[in-house]
Amino acid sequence: MTLLIFLVMFITESATEKLCPLRTSIDVLEGEYFFLCFPESMLRPETEGYTINWYKENAGRQKLIQKTQRIISQMNFLEFWPAELSDSGNYSVTHSNGRQNFTIQKWTLNVLERNKSSCFNKNHLTTEIQNAGTGHSLKCSDLSVNENDSVTWYKDCKNYENETERELDFKTLTVQHSGIYTCKILISHNGRIYHSTSTIKLVVEEDAPEAVTLEIVGRDEEIETEIGKEEILNCTGFLGYDMQEDASLYWLINETFPEKCSDIPKNDPSICEEELKKLHLGNKFYVTRLLRIKKVRDEDLRHNFTCKFQADEAMKIKIVKLKKENTRDLPVRLFTTGMILAVLLPCVLIAMIVVCVMFRVDLVLLYRNICRRDDTAGDGKEYDAFVSYLKDCASTSEEEREFALKILPMILEENFGYKLCIFERDVSPGGAVVDDIHSFIDKSRRLIIVLSQNYISDTVVYELESGLHKALVERKTKIILIEYMPIRDYNFLPESLSLLPSKRVVKWKKDKSLPVNSRFWKNLRYLMPAKPTKSNTKGHCNNLGLSSDGTQPWIGGCDCNAVI
């Protein structure tokens, strides 16, 4: 008796294994009876006090399936009486003991719309290619386990020879046997009749293609990776020369099903499985599926990533493992080159900075000369500079007057095209001195002050203060100081002069500064506005009463502190 019970249990379990293939994506026609199931062998050994729960994914969340008249869950079976289009989606079944939930299996169910003009849907059929002259059998669906259920066979939607068996046998195939065969099973449930169909496209050829074995492309492998790096594992299965609709290919992580990837990558879990894709390359058919790992973790290096490929009750397995990538030392030559560059580049950069600082003036003048830069165009100013110097008759040095009246205009005007306004040289007497000085400074781009120990007098003090007001308050005119004689004490100058940048002081060094290309004239031109060089150009303030007969400007009596 015990032996008989064991035999019945073994037969039942074998039937369940056959009825419940490990397919992750399943197609079914609307309006037909269908069920999802899993082999009882997938249950954990500790079954005491456990419950089986079925779930359907809804808006990204797992919703517990409640029993209705149409959908019934019984342990390892979830039945649809019948399936409707709204049943499409992701399903899972869990094994719970009240403290922990273990996912047993996951499916993606696709309910296909029925073709009202035909007895089958072209997207819901399998193809079998056979050689003429051989025997063959077409098997009906295993969705019904009741042997008393009515079975009807159709060929091209027409009743086929009143066949009512679950297998359609052909002793000798001919080309005329080619066609689309549909098996229809009528199932009685709660006083109503439901049906289930399976469709097979039979192709009989005189020379059928050579039989091929199911295989996974590539062998078991170890992939070198780094912690935090993204990895995409690919698994591709070769089906042969015809597409088998019942073929399934899926990933397992340590015998656990991964979650599905969504259409929004940022919402995906750290490891997810993409949808199954079918490929048709030439006359060969493949299925492929990717496993996406966002960031490799330490624990992932200890996992077995298993790809399972199943079709026609055959299964192939491929195992992928991750391991840390071996770090390689840099070649000696490359390391040496890098070190030399690391030392030389800062040195070259520092050298370039030093050169630019030391020869800043020369580089700026060269740039102005090449680009023909002109800062004076359109600024409304009439003169490039107003020259202020000691005009006392008691001046201890005639050289200072000669520098202001002859040397400055000779170099700046005749050699470099600047237009200077020198009060003593260019203005006729008789005007209001204070107003004229203010007007000239206002029309000049620079105020050149020829500075010496004896510089201060009533007139030059006004020129200086007016220029300082333009430079520091109105910011209209820039001041250039020429230290004609060495000055030990600057206390005789206004305090506001100390606010000027020290870089705007140029020192005259007598004979050493006389050549046109001397450092003195370069520094002075650097402080002057940029202007294209014009040889033999003389700039005078002719509009304010310079005598038309070419005589020398008015020089009046030698009263100290008077403007000449």
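Scroll up a little and you will see the structure.
Residues numbered from 1 in each chain as written. Predicted model: local features only at pLDDT ≥ 70, side-chain atom pairs only at ≥ 80, totals over all residues. Heavy atoms only, no water.

(A) Spotlight on the overall build of the protein chain. A count of helical and extended segments in the protein chain gives eight helices and 30 strands. Counting across all 564 residues of the protein chain, residues that qualify as buried make up 40%. Look at the contacts in the protein chain between residues 6 or more apart in sequence, and 70% of them connect residues 24 or more apart. (Helix = DSSP H or I, 4+ residues; strand = E, 2+ residues; numbered from the N terminus. Buried < 20%, exposed > 50% of the residue type's maximum accessible area, 1.4 Å probe, protein only. Contact = heavy atoms within 4.5 Å.)

(B) Inspection of the packing of aromatic side chains at higher detail. Following the criterion strictly, the structure yields 21 aromatic pairs and no others. With 6.3 Å between their ring centres and 65° between their planes, Phe-403 and Phe-520 make a pair best called edge-to-face. Taken together, the positions of Phe-403 in helix H4 (residues 398–412) and Phe-520 in helix H8 (residues 519–527) put the pair 117 residues apart, joining distant regions of the chain. Both residues of the pair, Phe-403 and Phe-520, belong to the buried class. Seen from their ring centres, Phe-520 and Trp-521 are 4.9 Å apart, and the 80° between their planes marks the pair as edge-to-face. Taken together through their ring pairs, the aromatic side chains of Tyr-33, Phe-34, Phe-35, Phe-77, Trp-81 and Tyr-194 make up a single cluster. (Phe/Tyr/Trp six-rings, centres within 6.5 Å; stacked < 30°, edge-to-face > 60°.)

(C) Local environment of a nonpolar patch on the surface. A cluster of nonpolar side chains, contributed by Ile-350, Val-354, Val-355, Met-358, Phe-359 and Leu-363, occupies part of the molecular surface with about 550 Å² of accessible area. Top element by residues in the nonpolar patch is helix H2 (residues 332–358). It accounts for four residues. Structurally, Met-358 can be placed in helix H2. (Patch = residues over 30% accessible without salt bridge, like charges linked within 9 Å, V, L, I, M, F, W, Y side chains within 5 Å. Areas by Shrake-Rupley, 256 points an atom, 1.4 Å probe, with all protein chains shown as cover. Salt bridge = Lys/Arg side-chain N within 4 Å of Asp/Glu carboxyl O.)

(D) Expanded view of the layout of surface pockets. In this structure, the second largest pocket encloses a volume near 520 Å³. Along its surface, the second largest pocket is lined by 21 residues, and Glu-57, Gln-62, Asn-90, Glu-259 and Lys-260 are the ones closest to its centre. Those elements that place two or more of their residues in the lining of the second largest pocket are strand E3 (51–58), strand E7 (89–96), strand E8 (101–112) and strand E20 (259–260). The class makeup of the residues in the lining of the second largest pocket is five nonpolar, nine polar and seven charged. (1 Å grid on protein atoms, 1.4 Å probe; cavity = no way out; pocket = protein on both sides within 12 Å on 5 of 7 lines; lining within 4 Å. Points joined across faces, edges and corners; volume = space filled by probe spheres on them. Nonpolar A, V, L, I, M, F, W, Y, C, P; charged D, E, K, R; others polar.)

(E) Region of interest: the pairing of strand E2 (residues 34–37). Neither face of E2 is exposed, since Phe-34 and Leu-36 on one face and Phe-35 and Cys-37 on the opposite face are all buried. Across four bridges, E2 lies against strand E6 (residues 77–80) in antiparallel orientation. Note on E6: the bridge partner recorded for Phe-35 is Glu-79. (Pairing = 2+ DSSP bridges.)

(F) Here's a closer look at the side chain of Glu-274. With respect to the helices and strands, the residue Glu-274 is situated in the loop between strand E21 (271–273) and strand E22 (277–281). When residues no more than four places from it in sequence are discounted, the contact partners of Glu-274 are Cys-261, Arg-289, Leu-290 and Arg-292.

(G) Quick look at the environment of Thr-94. Mapped onto the fold, Thr-94 is located in strand E7. Sequence-distant contacts of Thr-94, defined by excluding residues within four places in its chain, comprise Thr-51, Ile-52, Asn-53, Tyr-55, Phe-102, Thr-103 and Ile-104.

(H) Up close: the sheet that holds E2. Within the open sheet, the three strands sit side by side as E2-E6-E5. Their pairing is antiparallel. The strands lining the two open edges of the sheet, one partner per strand, are E2 and strand E5 (71–74). On average, each strand axis in the sheet is inclined to that of its neighbour by 15°, with strand direction left out of account. As defined by bridge partners, E5 adjoins E6 across four bridges and the pair is classed as antiparallel. Its bridge partner being in E6, Ile-71 is matched across the sheet by Phe-80. (Axes fitted to C-alpha atoms, helices over the stretch in contact; angles between N-to-C directions.)

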